[in-house]
Amino acid sequence: MKTAVIVFPASNCDRDIAVALEQATGKKPAMVWHGDTDLPEADFYALPGGFSYGDYLRAGAMAAKSPIMRAVIDKAKAGAPVIGVCNGFQILCETGLLPGVLMRNAGLDFVCRDVELRVENNQSIFTRGFEKGSYVTFPVAHHDGNYVADEETLNRIEGDGRVAFRYVDNPNGSARDIAGLINDAGNVLGMMPHPERVISPLLGGIDGATFFKGLVEAVS
Ligand SMILES: NC(=O)CC[C@H](N)C(=O)O
């Protein structure tokens, strides 16, 4: 099982997700710099959290135009599994691989705390490790986590069962409490909460370990 993590200037969760992936797969992921143009072969690709390019213009907007993202977009369109966490979710929206956009939190504050999420869909490769309707707790840490899309898009996403996770107590104003979203084809997931930060009791929880284990099993 090979995985790869894309590293942008001011990514700050790249090593956290690398540790989570190594724990789940037994192998260190390839770390790929944003300025590269070629991706190594991998069973899935991860876009980590952080403040890529200082969150200038809009969080994820500049990273979406970085050289490596052309290769990530091609891989995703060819069906490779891609996961984006927090800034990674922002980047996926800015590339258009996922619909909608992440705007400033409704309360205008940076929100940093554990949040409870409902698993809305366990049919995807990303959520198969969970029971549908079960609850998990992951931390959030962001100022731009307010998911916005037009009504038609929201209806379509919900109608197609593409909401992966929903906030129980919405921390940022996201439309329809959406915390994590899957693309049409089912191979791209973006989510604001951080599963890679709860992969051991020492870190305060293991729901993230279940998440990565389920993903690894699904793509093996
Ligand atoms: N941890 C993260 O990836 C959050 C950073 C993100 N750019 C924000 O909205 O604040």
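Every value quoted in this text rests on a predicted model; they were computed, and no experiment measured them.

## Examining the overall build of the protein chain
Inference 1: A count of helices and strands for the protein chain gives five helices and eleven strands.
Inference 2: A compact globule built from 220 residues should have a C-alpha radius of gyration of about 17 Å, and the protein chain, at 15 Å, falls within 12% of that.
Inference 3: The C-alpha extent of the protein chain, read off along each of the three principal axes, is 40 × 35 × 35 Å.
Inference 4: The burial tally for the protein chain puts 58% of its 220 residues in the buried class.
Inference 5: For the protein chain, the proportion of contacts with a sequence separation of at least 24, taken over those separated by at least 6, is 72%.
Inference 6: Once the 20 positive and 27 negative side-chain charges of the protein chain are each reduced to a mean point, those two points are 3 Å apart.

## Looking at the packing of aromatic side chains
Inference 1: Under the definition given, this model contains six aromatic pairs.
Inference 2: When the centroid spacing of 6.1 Å and the interplanar angle of 75° are considered together, the rings of phenylalanine 138 and phenylalanine 165 count as edge-to-face. Linking phenylalanine 138 in strand 7 (residues 135–142) with phenylalanine 165 in strand 9 (residues 163–167), this pair joins segments that are 27 residues apart in sequence.
Inference 3: The class of phenylalanine 138 is buried, set by a relative accessible area of 0%.
Inference 4: The class of phenylalanine 165 is buried, set by a relative accessible area of 0%.
Inference 5: Grouping aromatic residues by their ring pairs yields a cluster made of Phe130, Phe138, Phe165, Phe211 and Phe212.

## Some thoughts on the environment of proline 99
Inference 1: Checked against the element boundaries, proline 99 lands in the loop between helix 3 (87–95) and strand 5 (101–103).
Inference 2: Along the sequence, proline 99 and aspartate 144 sit 45 residues apart, while their C-alpha atoms lie 16 Å from each other.
Inference 3: Sequence-distant contacts of proline 99, that is, excluding residues within four places in its chain, are made with Cys93, Tyr147, Thr153, Ile157, Arg162 and Leu181.

## Side note on the pattern of salt bridges
Inference 1: For the coordinates displayed, the defined rule picks out eleven salt bridges.
Inference 2: For glutamate 22, the salt bridge identified is with lysine 28, shortest N-O distance 3.3 Å.
Inference 3: Between arginine 104 and aspartate 144 there is a salt bridge, and its shortest N-O distance comes to 3.0 Å. Taken together, the residues arginine 104 in the loop between strand 5 and strand 6 (111–119) and aspartate 144 in the loop between strand 7 and strand 8 (146–148) connect sequence positions 40 residues apart.
Inference 4: Arginine 104 sits in the partly exposed class, given a relative accessible area of 45%.
Inference 5: Look at the salt bridges and you will find they share partners, linking Arg118, Glu120, Glu151, Glu158, Arg166 and Arg176 into a network.

## Focus on the UniProt feature "active site" (unreviewed entry) in the protein chain
Inference 1: UniProt's entry tags Cys86, His194 and Glu196 with the feature "active site" (unreviewed entry), counted in the numbering of this structure. Judged by maximum C-alpha separation, these annotated positions cover 111 residues in sequence but sit close together in space, the widest gap being only 10.9 Å.
Inference 2: By the element assignment, cysteine 86 lies in the loop between strand 4 (82–85) and helix 3.
Inference 3: If sequence neighbours within four positions are ignored, cysteine 86 has contacts with Gly49, Ala141, His142, Met191, Met192 and His194.
Inference 4: Examined against the element boundaries, glutamate 196 turns out to sit in the loop between strand 11 (188–191) and helix 5 (207–219).
Inference 5: Since its relative accessible area comes to 3%, glutamate 196 is described here as buried.
Inference 6: Excluding residues that lie within four positions of it along the chain, glutamate 196 makes contacts with Cys13, Asp16, Ile17, Ala20, Val85 and Phe212.
Inference 7: Side-chain polar atoms of glutamate 196 contact the side chain of histidine 194, separated by 2.7 Å.

Thresholds applied
Residues numbered from 1 in each chain as written. Predicted model: local features only at pLDDT ≥ 70, side-chain atom pairs only at ≥ 80, totals over all residues. Heavy atoms only, no water. Helix = DSSP H or I, 4+ residues; strand = E, 2+ residues; numbered from the N terminus. Rg over C-alpha atoms; globule rule 2.2 N^0.38 Å. Buried < 20%, exposed > 50% of the residue type's maximum accessible area, 1.4 Å probe, protein only. Contact = heavy atoms within 4.5 Å. Lys, Arg positive; Asp, Glu negative; His and termini not counted. Charge placed at Lys NZ, Arg CZ, Asp CG, Glu CD. Phe/Tyr/Trp six-rings, centres within 6.5 Å; stacked < 30°, edge-to-face > 60°. Salt bridge = Lys/Arg side-chain N within 4 Å of Asp/Glu carboxyl O. UniProt positions renumbered as here; feature names shortened; annotations may be inferred. Polar contact = N/O pair within 3.5 Å; in protein donor to acceptor, adjacent residues only side chain to side chain.

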